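Each chain is listed here by its residues.
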Amino acid sequence: MVQGNADSNRHAISTALFGLMVLTLGMGIGRFLYTPMLPVLLSEGQFTFAALSWIASANYAGYLAGSLLFSFGAFHLPSRLRPMLLTSAVATGGLILAMAIFTQPAIVMLIRFLAGVASAGMMIFGSMIVLQHTRHPFVIASLFSGVGAGILLGNEYVIAGLRYALSSHMLWSGAAVISAVLLLLLALLIPARAHALPPAPPAPTHHPLMRWWQLALLYGFAGFGYIIVATYLPLMAKNAGSPLLTAHLWSLVGLAIVPGCFGWLWAAKRWGVLQCLTANLLIQGVCVILTLASDALPLLIISSIGFGATFMGTTSLVMPLARQLSVPGNINLLGLVTLTYGIGQIVGPLLTSLLGSGTEAIASATLCGAAALFFGAVISMIQLVKQRQFTQKREC
(Lines give C-alpha, C1' and ligand atoms only; values in the text may rest on other atoms or scores of the structure.)
Protein backbone atom coordinates (compact mmCIF):
# COMPACT_ATOMS: atom_id res chain seq x y z
CA MET A 1 0.00 0.00 0.00
CA VAL A 2 2.80 2.39 0.90
CA GLN A 3 4.62 1.53 -2.33
CA GLY A 4 1.41 2.20 -4.28
CA ASN A 5 0.99 5.58 -2.64
CA ALA A 6 4.62 6.46 -3.38
CA ASP A 7 4.18 5.51 -7.05
CA SER A 8 0.96 7.53 -7.19
CA ASN A 9 2.66 10.57 -5.67
CA ARG A 10 5.59 10.33 -8.09
CA HIS A 11 3.18 10.10 -11.01
CA ALA A 12 1.23 13.14 -9.75
CA ILE A 13 4.43 15.19 -9.38
CA SER A 14 5.67 14.11 -12.80
CA THR A 15 2.31 14.97 -14.40
CA ALA A 16 2.29 18.36 -12.66
CA LEU A 17 5.79 19.17 -13.97
CA PHE A 18 4.81 17.97 -17.44
CA GLY A 19 1.77 20.27 -17.44
CA LEU A 20 3.93 23.15 -16.23
CA MET A 21 6.37 22.62 -19.13
CA VAL A 22 3.56 22.35 -21.71
CA LEU A 23 2.10 25.81 -21.12
CA THR A 24 5.39 27.44 -20.15
CA LEU A 25 6.48 26.72 -23.72
CA GLY A 26 3.16 26.75 -25.59
CA MET A 27 1.63 29.87 -24.05
CA GLY A 28 4.12 31.65 -21.80
CA ILE A 29 6.91 31.70 -24.40
CA GLY A 30 5.17 30.72 -27.64
CA ARG A 31 2.46 33.38 -27.35
CA PHE A 32 3.21 35.89 -24.62
CA LEU A 33 6.89 36.53 -25.32
CA TYR A 34 5.49 38.81 -28.03
CA THR A 35 4.15 41.17 -25.32
CA PRO A 36 7.57 42.35 -24.00
CA MET A 37 8.99 42.09 -27.52
CA LEU A 38 6.39 44.47 -28.97
CA PRO A 39 7.99 47.67 -27.54
CA VAL A 40 11.42 46.42 -28.71
CA LEU A 41 10.18 45.89 -32.27
CA LEU A 42 8.45 49.27 -32.20
CA SER A 43 11.57 51.10 -30.93
CA GLU A 44 13.74 49.49 -33.61
CA GLY A 45 11.43 50.91 -36.28
CA GLN A 46 10.93 47.57 -38.02
CA PHE A 47 7.15 47.79 -37.72
CA THR A 48 4.51 50.46 -37.16
CA PHE A 49 2.06 50.28 -34.24
CA ALA A 50 -0.73 49.26 -36.66
CA ALA A 51 1.44 46.50 -38.17
CA LEU A 52 2.30 45.14 -34.72
CA SER A 53 -1.41 45.07 -33.81
CA TRP A 54 -2.18 43.14 -37.00
CA ILE A 55 0.69 40.74 -36.25
CA ALA A 56 -0.77 40.18 -32.76
CA SER A 57 -4.20 39.53 -34.27
CA ALA A 58 -2.67 37.08 -36.74
CA ASN A 59 -1.37 35.06 -33.79
CA TYR A 60 -4.80 35.07 -32.17
CA ALA A 61 -6.39 34.14 -35.52
CA GLY A 62 -4.02 31.17 -35.66
CA TYR A 63 -5.08 30.22 -32.14
CA LEU A 64 -8.69 30.38 -33.33
CA ALA A 65 -7.96 28.28 -36.42
CA GLY A 66 -6.05 25.73 -34.35
CA SER A 67 -8.88 25.52 -31.82
CA LEU A 68 -11.38 24.89 -34.61
CA LEU A 69 -9.15 22.33 -36.33
CA PHE A 70 -8.28 20.43 -33.16
CA SER A 71 -11.88 20.33 -31.92
CA PHE A 72 -12.58 17.52 -34.43
CA GLY A 73 -12.79 14.11 -32.83
CA ALA A 74 -10.23 12.59 -35.22
CA PHE A 75 -7.48 14.40 -33.28
CA HIS A 76 -8.60 13.07 -29.90
CA LEU A 77 -7.83 9.39 -30.31
CA PRO A 78 -5.56 8.34 -27.42
CA SER A 79 -2.85 7.23 -29.84
CA ARG A 80 -2.69 10.69 -31.44
CA LEU A 81 -2.57 12.98 -28.40
CA ARG A 82 1.16 12.62 -27.69
CA PRO A 83 2.35 12.89 -31.31
CA MET A 84 0.12 15.95 -31.84
CA LEU A 85 1.39 17.61 -28.66
CA LEU A 86 5.04 16.99 -29.54
CA THR A 87 4.49 18.20 -33.11
CA SER A 88 2.91 21.41 -31.74
CA ALA A 89 5.83 21.86 -29.34
CA VAL A 90 8.46 21.43 -32.08
CA ALA A 91 6.54 23.86 -34.29
CA THR A 92 6.41 26.42 -31.47
CA GLY A 93 10.20 26.39 -31.07
CA GLY A 94 10.81 26.49 -34.82
CA LEU A 95 8.46 29.43 -35.33
CA ILE A 96 10.15 31.41 -32.56
CA LEU A 97 13.43 30.90 -34.40
CA ALA A 98 11.73 32.05 -37.61
CA MET A 99 10.94 35.37 -35.91
CA ALA A 100 14.69 35.97 -35.73
CA ILE A 101 15.12 35.37 -39.46
CA PHE A 102 12.28 37.25 -41.15
CA THR A 103 11.30 40.92 -40.86
CA GLN A 104 8.80 41.32 -43.73
CA PRO A 105 5.39 42.14 -42.13
CA ALA A 106 3.44 39.67 -44.30
CA ILE A 107 5.81 36.80 -43.53
CA VAL A 108 5.89 37.68 -39.82
CA MET A 109 2.08 37.67 -39.77
CA LEU A 110 2.13 34.17 -41.28
CA ILE A 111 4.72 33.02 -38.72
CA ARG A 112 2.64 34.34 -35.83
CA PHE A 113 -0.51 32.81 -37.33
CA LEU A 114 1.15 29.38 -37.42
CA ALA A 115 2.51 29.96 -33.90
CA GLY A 116 -1.08 30.53 -32.79
CA VAL A 117 -2.14 27.20 -34.32
CA ALA A 118 0.72 25.49 -32.48
CA SER A 119 -0.24 27.19 -29.18
CA ALA A 120 -3.83 25.99 -29.53
CA GLY A 121 -2.52 22.47 -30.09
CA MET A 122 -0.38 22.63 -26.98
CA MET A 123 -3.26 23.99 -24.88
CA ILE A 124 -5.81 21.43 -26.11
CA PHE A 125 -3.64 18.30 -26.31
CA GLY A 126 -1.68 19.20 -23.16
CA SER A 127 -4.92 19.77 -21.22
CA MET A 128 -6.41 16.50 -22.47
CA ILE A 129 -3.33 14.49 -21.49
CA VAL A 130 -3.14 16.03 -18.02
CA LEU A 131 -6.89 15.62 -17.42
CA GLN A 132 -6.62 11.97 -18.52
CA HIS A 133 -3.95 11.32 -15.89
CA THR A 134 -5.26 13.17 -12.86
CA ARG A 135 -8.37 14.55 -11.19
CA HIS A 136 -6.38 16.35 -8.53
CA PRO A 137 -7.12 20.11 -8.74
CA PHE A 138 -3.59 21.13 -7.79
CA VAL A 139 -2.01 19.04 -10.54
CA ILE A 140 -4.45 20.68 -12.98
CA ALA A 141 -3.48 24.08 -11.55
CA SER A 142 0.18 23.31 -12.33
CA LEU A 143 -0.75 23.05 -16.01
CA PHE A 144 -2.29 26.51 -16.17
CA SER A 145 0.33 28.07 -13.92
CA GLY A 146 2.84 27.24 -16.66
CA VAL A 147 1.55 30.33 -18.49
CA GLY A 148 2.67 32.48 -15.57
CA ALA A 149 6.05 30.75 -15.36
CA GLY A 150 6.58 31.34 -19.08
CA ILE A 151 5.55 35.00 -18.90
CA LEU A 152 7.90 35.59 -15.97
CA LEU A 153 10.76 33.76 -17.69
CA GLY A 154 10.17 35.50 -21.01
CA ASN A 155 9.87 39.03 -19.65
CA GLU A 156 12.93 38.79 -17.41
CA TYR A 157 14.86 37.30 -20.33
CA VAL A 158 13.94 40.27 -22.57
CA ILE A 159 14.83 42.76 -19.81
CA ALA A 160 18.22 41.08 -19.31
CA GLY A 161 18.83 41.02 -23.06
CA LEU A 162 18.07 44.73 -23.41
CA ARG A 163 20.48 45.47 -20.58
CA TYR A 164 23.19 43.98 -22.79
CA ALA A 165 21.84 45.88 -25.84
CA LEU A 166 20.72 42.74 -27.66
CA SER A 167 18.72 43.31 -30.84
CA SER A 168 15.32 41.73 -31.47
CA HIS A 169 17.10 39.25 -33.78
CA MET A 170 19.34 38.07 -30.92
CA LEU A 171 16.43 38.02 -28.45
CA TRP A 172 14.31 35.80 -30.70
CA SER A 173 17.31 33.50 -31.32
CA GLY A 174 17.93 33.12 -27.59
CA ALA A 175 14.23 32.43 -27.03
CA ALA A 176 14.48 29.58 -29.56
CA VAL A 177 17.25 28.04 -27.43
CA ILE A 178 15.07 28.35 -24.30
CA SER A 179 12.24 26.68 -26.25
CA ALA A 180 14.50 23.76 -27.18
CA VAL A 181 15.35 23.17 -23.51
CA LEU A 182 11.66 23.29 -22.51
CA LEU A 183 10.81 20.91 -25.36
CA LEU A 184 13.37 18.39 -24.11
CA LEU A 185 11.98 18.55 -20.55
CA LEU A 186 8.42 18.17 -21.86
CA ALA A 187 9.36 15.09 -23.89
CA LEU A 188 11.08 13.49 -20.89
CA LEU A 189 8.13 14.13 -18.57
CA ILE A 190 5.22 13.18 -20.84
CA PRO A 191 3.11 10.59 -18.97
CA ALA A 192 2.73 7.12 -20.43
CA ARG A 193 -0.64 6.02 -21.78
CA ALA A 194 -0.54 3.05 -19.41
CA HIS A 195 -0.98 5.41 -16.45
CA ALA A 196 -4.14 7.05 -17.82
CA LEU A 197 -7.19 6.95 -15.54
CA PRO A 198 -10.44 5.30 -16.66
CA PRO A 199 -13.04 7.83 -17.83
CA ALA A 200 -14.95 9.30 -14.90
CA PRO A 201 -18.71 8.68 -14.97
CA PRO A 202 -20.68 11.92 -15.31
CA ALA A 203 -21.71 13.30 -11.94
CA PRO A 204 -25.44 12.80 -11.36
CA THR A 205 -27.14 16.18 -11.33
CA HIS A 206 -30.73 17.36 -11.63
CA HIS A 207 -29.70 20.87 -12.55
CA PRO A 208 -26.60 21.48 -14.69
CA LEU A 209 -24.22 24.21 -13.53
CA MET A 210 -24.46 25.86 -16.95
CA ARG A 211 -25.42 25.01 -20.51
CA TRP A 212 -22.54 24.29 -22.87
CA TRP A 213 -23.28 27.28 -25.15
CA GLN A 214 -23.42 29.64 -22.16
CA LEU A 215 -19.94 28.54 -21.10
CA ALA A 216 -18.67 29.04 -24.66
CA LEU A 217 -20.17 32.56 -24.76
CA LEU A 218 -18.80 33.46 -21.34
CA TYR A 219 -15.31 32.29 -22.29
CA GLY A 220 -15.46 34.31 -25.50
CA PHE A 221 -16.14 37.44 -23.45
CA ALA A 222 -13.23 36.50 -21.16
CA GLY A 223 -10.90 36.10 -24.16
CA PHE A 224 -11.74 39.57 -25.45
CA GLY A 225 -11.67 41.07 -21.96
CA TYR A 226 -8.12 40.14 -21.03
CA ILE A 227 -6.29 40.35 -24.35
CA ILE A 228 -5.89 44.14 -24.60
CA VAL A 229 -3.91 44.29 -21.36
CA ALA A 230 -2.06 41.05 -22.19
CA THR A 231 -0.89 42.55 -25.50
CA TYR A 232 -0.15 46.16 -24.62
CA LEU A 233 0.65 46.37 -20.88
CA PRO A 234 4.38 47.20 -21.29
CA LEU A 235 3.41 49.91 -23.78
CA MET A 236 0.66 51.23 -21.48
CA ALA A 237 3.07 51.43 -18.52
CA LYS A 238 5.94 53.04 -20.42
CA ASN A 239 5.31 56.51 -18.98
CA ALA A 240 4.40 55.48 -15.45
CA GLY A 241 7.42 57.21 -13.91
CA SER A 242 9.69 54.38 -12.81
CA PRO A 243 11.34 52.70 -15.83
CA LEU A 244 12.86 49.89 -13.73
CA LEU A 245 9.62 48.97 -12.02
CA THR A 246 7.39 49.34 -15.07
CA ALA A 247 9.70 47.06 -17.05
CA HIS A 248 8.94 44.32 -14.52
CA LEU A 249 5.13 44.82 -14.44
CA TRP A 250 4.60 42.05 -17.00
CA SER A 251 6.75 39.81 -14.77
CA LEU A 252 4.44 40.67 -11.85
CA VAL A 253 1.52 39.48 -13.98
CA GLY A 254 3.31 36.19 -14.65
CA LEU A 255 4.29 35.77 -11.01
CA ALA A 256 0.70 36.34 -9.86
CA ILE A 257 -0.67 33.75 -12.29
CA VAL A 258 0.98 30.83 -10.46
CA PRO A 259 -0.70 31.21 -7.03
CA GLY A 260 -3.84 32.46 -8.81
CA CYS A 261 -4.37 29.15 -10.63
CA PHE A 262 -3.97 27.18 -7.41
CA GLY A 263 -6.05 29.63 -5.38
CA TRP A 264 -9.06 29.66 -7.70
CA LEU A 265 -9.25 25.87 -7.91
CA TRP A 266 -8.96 25.62 -4.12
CA ALA A 267 -11.70 28.23 -3.74
CA ALA A 268 -13.94 26.44 -6.27
CA LYS A 269 -13.63 23.23 -4.27
CA ARG A 270 -14.70 25.08 -1.14
CA TRP A 271 -17.34 27.55 -2.39
CA GLY A 272 -18.38 26.23 -5.80
CA VAL A 273 -17.21 26.90 -9.34
CA LEU A 274 -19.95 29.37 -10.37
CA GLN A 275 -19.45 31.59 -7.32
CA CYS A 276 -15.69 31.67 -7.95
CA LEU A 277 -16.07 32.20 -11.69
CA THR A 278 -18.35 35.18 -11.07
CA ALA A 279 -15.93 36.70 -8.54
CA ASN A 280 -12.98 36.01 -10.83
CA LEU A 281 -14.48 37.89 -13.79
CA LEU A 282 -15.63 40.82 -11.65
CA ILE A 283 -12.19 41.25 -10.04
CA GLN A 284 -10.49 40.86 -13.41
CA GLY A 285 -12.72 43.54 -14.94
CA VAL A 286 -11.86 45.99 -12.16
CA CYS A 287 -8.13 45.25 -12.54
CA VAL A 288 -8.33 45.79 -16.30
CA ILE A 289 -9.81 49.25 -15.69
CA LEU A 290 -7.12 50.03 -13.11
CA THR A 291 -4.36 49.36 -15.67
CA LEU A 292 -5.39 52.69 -17.21
CA ALA A 293 -3.99 54.48 -14.12
CA SER A 294 -0.57 54.71 -15.76
CA ASP A 295 0.24 57.90 -13.84
CA ALA A 296 -0.39 56.22 -10.46
CA LEU A 297 2.28 53.53 -10.11
CA PRO A 298 0.86 51.88 -6.92
CA LEU A 299 -2.50 51.36 -8.67
CA LEU A 300 -0.72 49.99 -11.73
CA ILE A 301 1.17 47.49 -9.57
CA ILE A 302 -2.03 46.39 -7.80
CA SER A 303 -3.87 46.06 -11.11
CA SER A 304 -1.03 44.02 -12.66
CA ILE A 305 -0.97 41.59 -9.74
CA GLY A 306 -4.78 41.33 -9.68
CA PHE A 307 -4.94 40.85 -13.44
CA GLY A 308 -2.33 38.09 -13.32
CA ALA A 309 -4.05 36.37 -10.41
CA THR A 310 -7.34 36.21 -12.31
CA PHE A 311 -6.93 35.89 -16.08
CA MET A 312 -5.44 32.36 -16.12
CA GLY A 313 -7.58 31.59 -13.07
CA THR A 314 -10.53 31.92 -15.46
CA THR A 315 -9.02 29.19 -17.64
CA SER A 316 -8.27 26.95 -14.67
CA LEU A 317 -11.96 27.18 -13.68
CA VAL A 318 -13.46 26.87 -17.18
CA MET A 319 -11.45 23.92 -18.53
CA PRO A 320 -12.45 21.39 -15.81
CA LEU A 321 -16.02 22.77 -15.94
CA ALA A 322 -16.11 22.12 -19.70
CA ARG A 323 -15.52 18.41 -19.02
CA GLN A 324 -18.52 18.26 -16.66
CA LEU A 325 -21.18 19.66 -19.00
CA SER A 326 -23.18 17.54 -21.42
CA VAL A 327 -22.95 18.54 -25.07
CA PRO A 328 -24.93 17.46 -28.15
CA GLY A 329 -23.45 15.14 -30.74
CA ASN A 330 -19.69 14.86 -31.04
CA ILE A 331 -18.86 18.43 -29.98
CA ASN A 332 -15.61 18.61 -28.03
CA LEU A 333 -16.35 21.34 -25.49
CA LEU A 334 -12.68 21.82 -24.58
CA GLY A 335 -12.00 22.65 -28.20
CA LEU A 336 -15.15 24.78 -28.57
CA VAL A 337 -14.47 27.02 -25.57
CA THR A 338 -10.88 27.42 -26.75
CA LEU A 339 -12.36 28.45 -30.10
CA THR A 340 -14.64 31.16 -28.63
CA TYR A 341 -11.76 32.37 -26.45
CA GLY A 342 -9.71 32.68 -29.64
CA ILE A 343 -12.44 34.73 -31.34
CA GLY A 344 -12.41 37.17 -28.43
CA GLN A 345 -8.62 37.44 -28.61
CA ILE A 346 -8.65 38.29 -32.32
CA VAL A 347 -11.21 41.06 -31.90
CA GLY A 348 -9.19 42.81 -29.15
CA PRO A 349 -6.09 43.97 -31.08
CA LEU A 350 -8.17 44.52 -34.25
CA LEU A 351 -10.47 46.85 -32.34
CA THR A 352 -7.44 48.66 -30.92
CA SER A 353 -5.95 49.25 -34.37
CA LEU A 354 -9.34 50.43 -35.72
CA LEU A 355 -9.68 52.92 -32.86
CA GLY A 356 -6.42 54.61 -33.86
CA SER A 357 -2.86 54.34 -32.60
CA GLY A 358 -1.09 54.96 -29.33
CA THR A 359 -2.38 55.21 -25.78
CA GLU A 360 -5.82 56.69 -26.58
CA ALA A 361 -6.78 53.71 -28.76
CA ILE A 362 -5.47 51.28 -26.13
CA ALA A 363 -7.43 53.05 -23.37
CA SER A 364 -10.71 52.88 -25.31
CA ALA A 365 -10.19 49.21 -26.17
CA THR A 366 -9.30 48.46 -22.54
CA LEU A 367 -12.64 49.87 -21.36
CA CYS A 368 -14.40 47.65 -23.91
CA GLY A 369 -12.44 44.68 -22.55
CA ALA A 370 -13.52 45.44 -18.99
CA ALA A 371 -17.16 45.62 -20.14
CA ALA A 372 -16.81 42.18 -21.77
CA LEU A 373 -15.52 40.72 -18.51
CA PHE A 374 -18.49 42.19 -16.64
CA PHE A 375 -20.85 40.65 -19.26
CA GLY A 376 -19.19 37.29 -18.63
CA ALA A 377 -19.65 37.74 -14.88
CA VAL A 378 -23.37 38.45 -15.43
CA ILE A 379 -23.78 35.16 -17.33
CA SER A 380 -22.12 33.26 -14.49
CA MET A 381 -24.08 35.18 -11.83
CA ILE A 382 -27.44 34.41 -13.48
CA GLN A 383 -26.59 30.69 -13.50
CA LEU A 384 -25.48 30.91 -9.87
CA VAL A 385 -28.81 32.49 -8.86
CA LYS A 386 -30.75 29.82 -10.80
CA GLN A 387 -28.75 27.06 -9.13
CA ARG A 388 -29.44 28.47 -5.66
CA GLN A 389 -33.15 28.83 -6.40
CA PHE A 390 -33.27 25.23 -7.62
CA THR A 391 -31.48 24.03 -4.46
CA GLN A 392 -33.89 25.96 -2.23
CA LYS A 393 -36.92 24.46 -4.01
CA ARG A 394 -35.52 20.93 -3.57
CA GLU A 395 -34.94 21.54 0.12
CA CYS A 396 -38.51 22.77 0.54
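Overview of the overall build of the protein chain
Part 1: Counting its secondary structure elements, the protein chain contains 14 helices and zero strands.
Part 2: Counting from the amino terminus, helix and strand elements in the protein chain follow one another as α-α-α-α-α-α-α-α-α-α-α-α-α-α.
Part 3: Relative to the 2.2 N^0.38 estimate, which gives 21 Å for 396 residues, the radius of gyration of the protein chain is 20 Å and therefore close to what a compact globule would have.
Part 4: In the protein chain, buried positions account for 54% of the 396 residues.
Part 5: Taking the contacts inside the protein chain whose residues are at least 6 apart along the sequence as the reference set, 85% of them involve residues at least 24 apart.
Part 6: Accessible surface, the protein chain: about 16600 Å² in total, of which carbon and sulfur atoms supply 70%.
Part 7: Distance between charge centres in the protein chain, computed from 17 positive and 6 negative side chains, equals 18 Å.

A few points about the nonpolar core
Inside soluble globular proteins, nonpolar side chains tend to come together where they are buried.
Part 1: Phe32, Leu85, Phe144, Leu215, Phe307, Phe311 and Val337 are the most contacted members of the largest nonpolar core, which has 120 residues in total.
Part 2: No other element matches the 14 residues that helix 8 (residues 212-236) contributes to this core.
Part 3: For Leu215, the residues in contact, after removing those within four places along its chain, are Met210, Val318, Leu321, Ala322, Leu325, Leu333 and Val337.

Quick look at helix 13 (residues 333-354)
Part 1: Spanning 22 residues, helix 13 covers 32 Å between terminal C-alpha atoms, matching the ideal 32 Å at 1.5 Å per step.
Part 2: Burial analysis of helix 13 places 17 of its 22 residues in the buried class, the great majority of the element.
Part 3: Gly356 occupies a position one or two residues after helix 13 and carries a positive phi of about 135°.

Observations concerning the side chain of Thr366
Part 1: Tracing the chain through its elements places Thr366 in helix 14 (residues 359-395).
Part 2: Overall, Thr366 belongs to the buried group, its relative accessible area being 0%.
Part 3: Ignoring sequence-local partners within four residues, the contact set of Thr366 consists of Ile228, Val229, Met236, Val288, Thr291 and Leu292.

What to know about unusual backbone geometry
Part 1: One non-glycine residue with positive phi stands out, namely Ala165, at about 60°.
Part 2: Within the secondary structure, Ala165 sits in the loop between helix 6 (137-163) and helix 7 (168-189).

With respect to the side chain of Ser53
Part 1: Considering the arrangement of structural elements, one finds Ser53 in helix 3 (residues 49-69).
Part 2: Residue classification places Ser53 among the buried residues on the basis of a relative accessible area of 1%.
Part 3: Excluding anything up to four places from it in sequence, Ser53 contacts Tyr232, Pro349 and Ser353.

Details of a nonpolar patch on the surface
Part 1: A cluster of nonpolar side chains, contributed by Val177, Val181, Leu184, Leu185 and Leu188, occupies part of the molecular surface with about 490 Å² of accessible area.
Part 2: Within the secondary structure layout, Leu188 lies in helix 7.

Here we look at the packing of aromatic side chains
Part 1: Here the structure, examined in full by the defined rule, presents 12 aromatic pairs.
Part 2: Aromatic pair Phe221 and Phe375: ring centres 5.7 Å apart, planes at 35°, arrangement tilted. Here Phe221 is found in helix 8, whereas its partner Phe375 is found in helix 14, with 154 residues between them in sequence.
Part 3: Among the aromatic residues, ring-to-ring pairing joins Phe32, Tyr219, Tyr226, Trp250, Phe307, Phe311 and Tyr341 into one connected group.
Part 4: One Lys or Arg, Arg31, reaches over the ring of Phe32 and ends 5.7 Å from the middle of that ring.
Part 5: Positioned above the aromatic ring of Tyr63, the side-chain terminus of Arg31 is 4.1 Å from the ring centre.

What about the environment of Ala230?
Part 1: Mapping Ala230 onto the fold places it in helix 8.
Part 2: Sequence spacing of Ala230 and Thr35 is 195 residues, and the spatial spacing of their C-alpha atoms is 7.0 Å.

Side note on helix 6
Part 1: Relative to the 39 Å expected for 27 residues at 1.5 Å per residue, helix 6 spans 39 Å between its end C-alpha atoms, a close match to the ideal helical length.
Part 2: At Phe144, helix 6 is deflected by roughly 35°, the largest bend along its length.
Part 3: Following helix 6 by one or two positions, Ala165 adopts a phi angle in the positive range, close to 60°.

Some words on the state of the cysteines
Covalent bonding between the sulfur atoms of two cysteines is what defines a disulfide.
Part 1: Here the structure, examined in full by the defined rule, presents zero disulfides.
Part 2: Looking at the unpaired Cys287, the closest cysteine sulfur is the one in Cys261, lying at 15 Å.

A closer look at the environment of Phe70
Part 1: Relative to the helices and strands, Phe70 is located in the loop between helix 3 and helix 4 (78-101).
Part 2: Note: C-alpha distance between Phe70 and Phe125 (55 residues apart in sequence) is 8.5 Å.
Part 3: With residues near it in sequence (within four places) discarded, Phe70 still touches Phe75, His76, Met84, Val117, Ala120, Gly121, Ile124 and Phe125.

With respect to the packing of helix 10 (residues 249-271) against helix 12 (residues 297-322)
Part 1: Running from N to C, helix 10 and helix 12 cross one another at 45°; their axes reach a closest spacing of 6 Å. In this view, helix 10 runs oblique relative to helix 12, as classed from their interaxial angle. Both helix 10 and helix 12 take part in a crossing whose hand is right-handed.
Part 2: Taken together, the residues that form the contact of helix 10 with helix 12 break down as 19 nonpolar, six polar and no charged.

Points about the environment of Val117
Part 1: Within the secondary structure, Val117 sits in helix 5 (residues 105-133).
Part 2: Val117 gets classed as buried once you look at its relative accessible area, which sits at 19%.
Part 3: C-alpha of Val117 to C-alpha of Leu171: the two residues are 54 residues apart in sequence and 22 Å apart in space.
Part 4: Setting aside its immediate chain neighbours within four residues, Val117 contacts Gly62, Tyr63, Ala65, Gly66 and Phe70.

So, how was this worked out
Residues numbered from 1 in each chain as written. Predicted model: local features only at pLDDT ≥ 70, side-chain atom pairs only at ≥ 80, totals over all residues. Heavy atoms only, no water. Helix = DSSP H or I, 4+ residues; strand = E, 2+ residues; numbered from the N terminus. Rg over C-alpha atoms; globule rule 2.2 N^0.38 Å. Buried < 20%, exposed > 50% of the residue type's maximum accessible area, 1.4 Å probe, protein only. Contact = heavy atoms within 4.5 Å. Areas by Shrake-Rupley, 256 points an atom, 1.4 Å probe, with all protein chains shown as cover. Lys, Arg positive; Asp, Glu negative; His and termini not counted. Charge placed at Lys NZ, Arg CZ, Asp CG, Glu CD. Core = buried A, V, L, I, M, F, W, Y, C linked by side-chain atoms within 4.5 Å. Expected span 1.5 Å × (residues − 1). Patch = residues over 30% accessible without salt bridge, like charges linked within 9 Å, V, L, I, M, F, W, Y side chains within 5 Å. Salt bridge = Lys/Arg side-chain N within 4 Å of Asp/Glu carboxyl O. Phe/Tyr/Trp six-rings, centres within 6.5 Å; stacked < 30°, edge-to-face > 60°. Lys NZ or Arg CZ within 6 Å of the ring centre and 35° of its normal. Bend = angle between axes of the 7 residues up to and from the residue. Disulfide = S-S within 2.5 Å. Axes fitted to C-alpha atoms, helices over the stretch in contact; angles between N-to-C directions. Parallel < 35°, antiparallel > 145°, perpendicular 65-115°, else oblique. Left-handed = near helix turned anticlockwise from the far one by under 90°. Nonpolar A, V, L, I, M, F, W, Y, C, P; charged D, E, K, R; others polar.

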